[in-house]
Amino acid sequence: MKSILIVGAGRQGKGFLGEVFEAAGWEVNFLDCDIKVIDSLRAGPYKVKLYRKEGMTERIVEKYNVFPCDEEYSCLEAVLHADLIALSLYPEQIREAAGYLGRGLVERARGHYGKVTILSCTNINHLIPDIQEMFERQMEDEASLEWFRENAVIRDVIVRRSTDAESNSSRELVSLAVMSMLIQKPITVDIEDVEFMELKDQVEELKDIKLYTYNAPHATCAYAGHLKGYRMINESEDDPEIAKLMGEVLEEAIQGLSKEFRIPAEEIRDFCNMPQTKDKMDDSIYRVAKDPMRKLGRDDRLTGNAMFCYKYGIYPKALIRSIANGMAYDEAKDEKAVEIQQLIRSQGIEKAVSQVTGVPLEHDLVKQVSAVYREISNERTGNNSK
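Keep in mind it's a predicted model, so treat the numbers as computed, not measured.

Thoughts on the pattern of salt bridges
Line of reasoning, step 1. For the structure shown, the criterion picks out 27 salt bridges.
Line of reasoning, step 2. Across the pair D299 and R298 runs a salt bridge whose closest N-O atoms are separated by 3.6 Å.
Line of reasoning, step 3. Overall, the relative accessible area of 55% leaves D299 in the exposed class.
Line of reasoning, step 4. Judged by its relative accessible area of 34%, R298 is partly exposed.
Line of reasoning, step 5. Bridged by salt links that share partners, the residues E19, E22, R59 and R161 form one connected network.

Points about the side chain of S162
Line of reasoning, step 1. Topologically, S162 is positioned in the loop between strand 8 (152-158) and strand 9 (163-165).
Line of reasoning, step 2. When residues no more than four places from it in sequence are discounted, the contact partners of S162 are V174, S175, L176, H218, M281, D283 and R287.

Here we look at the environment of V249
Line of reasoning, step 1. Inspection of the secondary structure assignment puts V249 in helix 10 (residues 240-261).
Line of reasoning, step 2. For V249, a relative accessible area of 0% gives the class buried.
Line of reasoning, step 3. A sequence separation of 18 residues divides V249 from R231, and the C-alpha atoms of the two residues are 21 Å apart.
Line of reasoning, step 4. Residues within four places of V249 in sequence aside, it is in contact with A216, P217, T220, A318, L319 and S322.

Observations concerning a negative patch on the surface
Line of reasoning, step 1. Residues D141, E142, E146 and E150 make up a contiguous surface patch of negative charge.
Line of reasoning, step 2. Of note, E142 is situated in helix 6 (residues 142-151).

Some details on the packing of helix 7 (residues 203-213) against helix 10
Line of reasoning, step 1. Between helix 7 and helix 10, the shortest axis-to-axis distance is 10 Å and the interhelical angle comes to 155 degrees. Put simply, helix 7 runs roughly antiparallel to helix 10. For helix 7 against helix 10, the interelement crossing comes out right-handed. Along its contact with helix 7, which presents E205, D208, I209, Y212 and T213, the element helix 10 presents L250, A253, L257 and F261.
Line of reasoning, step 2. Split into classes, the residues belonging to the contact of helix 7 with helix 10 amount to 6 nonpolar, 1 polar and 2 charged.

Thoughts on the environment of I4
Line of reasoning, step 1. Within the secondary structure, I4 is located in strand 1 (residues 3-7).
Line of reasoning, step 2. For I4, a relative accessible area of 0% gives the class buried.
Line of reasoning, step 3. Each C-alpha atom, one on I4 and one on A82, is 5.2 Å from the other, the two residues being 78 residues apart in sequence.
Line of reasoning, step 4. Excluding residues that lie within four positions of it along the chain, I4 makes contacts with F21, W26, E27, V28, N29, L84 and A86.

Overview of the nonpolar core
Line of reasoning, step 1. Counting residues in hydrophobic clusters, the biggest one holds 42 residues, and the most contacted among them are L296, L302, M327, L365 and V369.
Line of reasoning, step 2. Only helix 8 (215-227), helix 10, helix 12 (285-289), helix 14 (303-311), helix 15 (317-327), helix 16 (335-347), helix 17 (349-357) and helix 18 (364-382) provide two or more residues apiece to this core.
Line of reasoning, step 3. Each residue touching M327, except ones within four places of it in the same chain, is listed here: L296, I340, Q341, I344, I349, A352, V353, V356, V369 and Y373.

Here we look at the packing of aromatic side chains
Between two aromatic rings, the relevant description is the distance of the centres plus the angle of the planes.
Line of reasoning, step 1. Scanning the entire structure with this criterion turns up 10 aromatic pairs.
Line of reasoning, step 2. Geometrically, the ring pair formed by Y46 and Y64 is tilted, given 5.8 Å between the ring centres and 40 degrees between the ring planes. One end of the pair, Y46, is in strand 3 (residues 46-52); the other, Y64, is in the loop between strand 4 (55-61) and strand 5 (65-68), and 18 residues separate them in sequence. Comparing Y46 with Y64 shows no difference in burial state: the two are buried.
Line of reasoning, step 3. Linked through ring pairs, F30, Y46 and Y64 together constitute an aromatic cluster.
Line of reasoning, step 4. Lying across the ring of F196, R161 places its NZ or CZ 5.1 Å from the centre.

A few points about helix 17
Line of reasoning, step 1. What helix 17 keeps buried is the set I349, A352, V353, S354, V356 and T357.
Line of reasoning, step 2. As for helix 17, its buried residues are in contact with helix 13 (292-295), helix 14, helix 15, helix 16 and helix 18.
Line of reasoning, step 3. At the exit of helix 17 stands G358, carrying a positive phi of roughly 75 degrees.

A few points about the packing of helix 17 against helix 18
When two helices pack together, their arrangement is given by the angle between their axes and by how far apart the axes lie.
Line of reasoning, step 1. For the pair helix 17 and helix 18, interaxial distance at closest approach is 9 Å and the crossing angle is 125 degrees. The orientation of helix 17 with respect to helix 18, classified from their angle, is oblique. As helix 17 runs across helix 18, the sense of the crossing is right-handed. Listed contacts from helix 18 to I349, E350, V353 and S354 of helix 17 are V366, V369, S370, Y373 and R374.
Line of reasoning, step 2. Considered class by class, the residues forming the contact of helix 17 with helix 18 number 5 nonpolar, 2 polar and 2 charged.

The rules behind each value
- Residues numbered from 1 in each chain as written.
- Predicted model: local features only at pLDDT ≥ 70, side-chain atom pairs only at ≥ 80, totals over all residues.
- Heavy atoms only, no water.
- Salt bridge = Lys/Arg side-chain N within 4 Å of Asp/Glu carboxyl O.
- Buried < 20%, exposed > 50% of the residue type's maximum accessible area, 1.4 Å probe, protein only.
- Helix = DSSP H or I, 4+ residues; strand = E, 2+ residues; numbered from the N terminus.
- Contact = heavy atoms within 4.5 Å.
- Patch = residues over 30% accessible without salt bridge, like charges linked within 9 Å, V, L, I, M, F, W, Y side chains within 5 Å.
- Areas by Shrake-Rupley, 256 points an atom, 1.4 Å probe, with all protein chains shown as cover.
- Lys, Arg positive; Asp, Glu negative; His and termini not counted.
- Charge placed at Lys NZ, Arg CZ, Asp CG, Glu CD.
- Axes fitted to C-alpha atoms, helices over the stretch in contact; angles between N-to-C directions.
- Parallel < 35°, antiparallel > 145°, perpendicular 65-115°, else oblique.
- Left-handed = near helix turned anticlockwise from the far one by under 90°.
- Nonpolar A, V, L, I, M, F, W, Y, C, P; charged D, E, K, R; others polar.
- Core = buried A, V, L, I, M, F, W, Y, C linked by side-chain atoms within 4.5 Å.
- Phe/Tyr/Trp six-rings, centres within 6.5 Å; stacked < 30°, edge-to-face > 60°.
- Lys NZ or Arg CZ within 6 Å of the ring centre and 35° of its normal.

So yeah, pure geometry; function would need other evidence.
Shown next, in the form of C-alpha cells:
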C-alpha cells in the first residue's frame, strides 16, 4: 500500500489531501504540532462535504493515523515509509517542519529506504530552492546528504481547491472539488490512482498566474464583503456591486499579466475559468481574507497585479479599490488585520499603505489607495457601520 504523510492536519490537510488519498486507498498519516487538532482526529472520523459540478456529496474519512510532534518521535515509521510527504503549511512553518522531519529522513538514509517526494502545498511561489536548503541542512553527514539528493525530490504544487471549516481542529469540513492540484514534474511515485492530482510542466509560471488571477478576485470578494457586513463568500459573490468589482479586478489583472508574461489574454482567461458547481459551497470571508499583511504585499495577488498594470500604462482602478478595502479590513480575530489597523493609527494611512504593500511612499498607487481608503473610512463613519 502506498503511503502519504500529511504535515499539517488543518483544513487543507484533512479536507483535501486526507480525503482524496484515503479515497484512493493509500495509507494516510497526519502529523501536527497542535494538540487540539491531534485530539480531534483521535476522537473519531471526520466528514467532508464535497461540492462537485454535479452536486454536493458527503464522505466520511476514517482510515488514517495521526501523530503529534512529540519528543518520542512517534511518527518515525510514517516518515520512513512515506512515498509522499505533503507540507500542508503556511510558508513560515516550513523551516520548523523540515527541522522536525530531518531526524526521520536521516534514519531513512541510514536504512536505505525508498525514494520520496516532498510537496510544498502553499500559495507562495519560488520557495523550492529555500526548502531544499532547509532539508539538506538537517542531514547529519555526507552520506545522508548524498542519499537525500539522490532519493528525495521537493516539488511545488498549485492548489486549486477551496476548503473550509470552523477551525483547524474541526471534523466537519467543506471542499470545492472541481479542479485538480497541479504537481511539478517529475515525482518518485505513481499518483494516477488519486483523483484531483495532475502532473504538470511550467508550474512556477502557472503558479504566478494562478495567484494573480484566481486569488485576486477571491480576495477582492472577501474584503468588499467584510465591509458590507457579510460573513460568507457566496453572500458576497451574490452582491451585484461586489461581483462587478471582482470582474473588473480580474480584467485589469489579465491585461497586466498578458504583457508581463507575454501570454495572450484569452489563454489566461481560459486558465482561470473555473467550472461552476450545482450547489454553492459555504466558504467564510474570514478564511479568504485572513492575513491581509501578506495578501496585500508587493508581489502578491492585489498589489502585484496593480504594479504590473502601472508598468504597462494600465490604470488599475478596481485593484486600487480592492487594496483600499483590504487596508480597511478590521476583523478582530485576524492578528495581521489588527496590526494593519494599528499601523494606520500610529503612522497615518499613506505610510501604512507603503509599509504593507512594499511600494515606495511617493508612488501613485500609495496616493490613490490612501485616497480611496479615506472615502471608505468616511462612509463607514457616516453610516455608523462597524
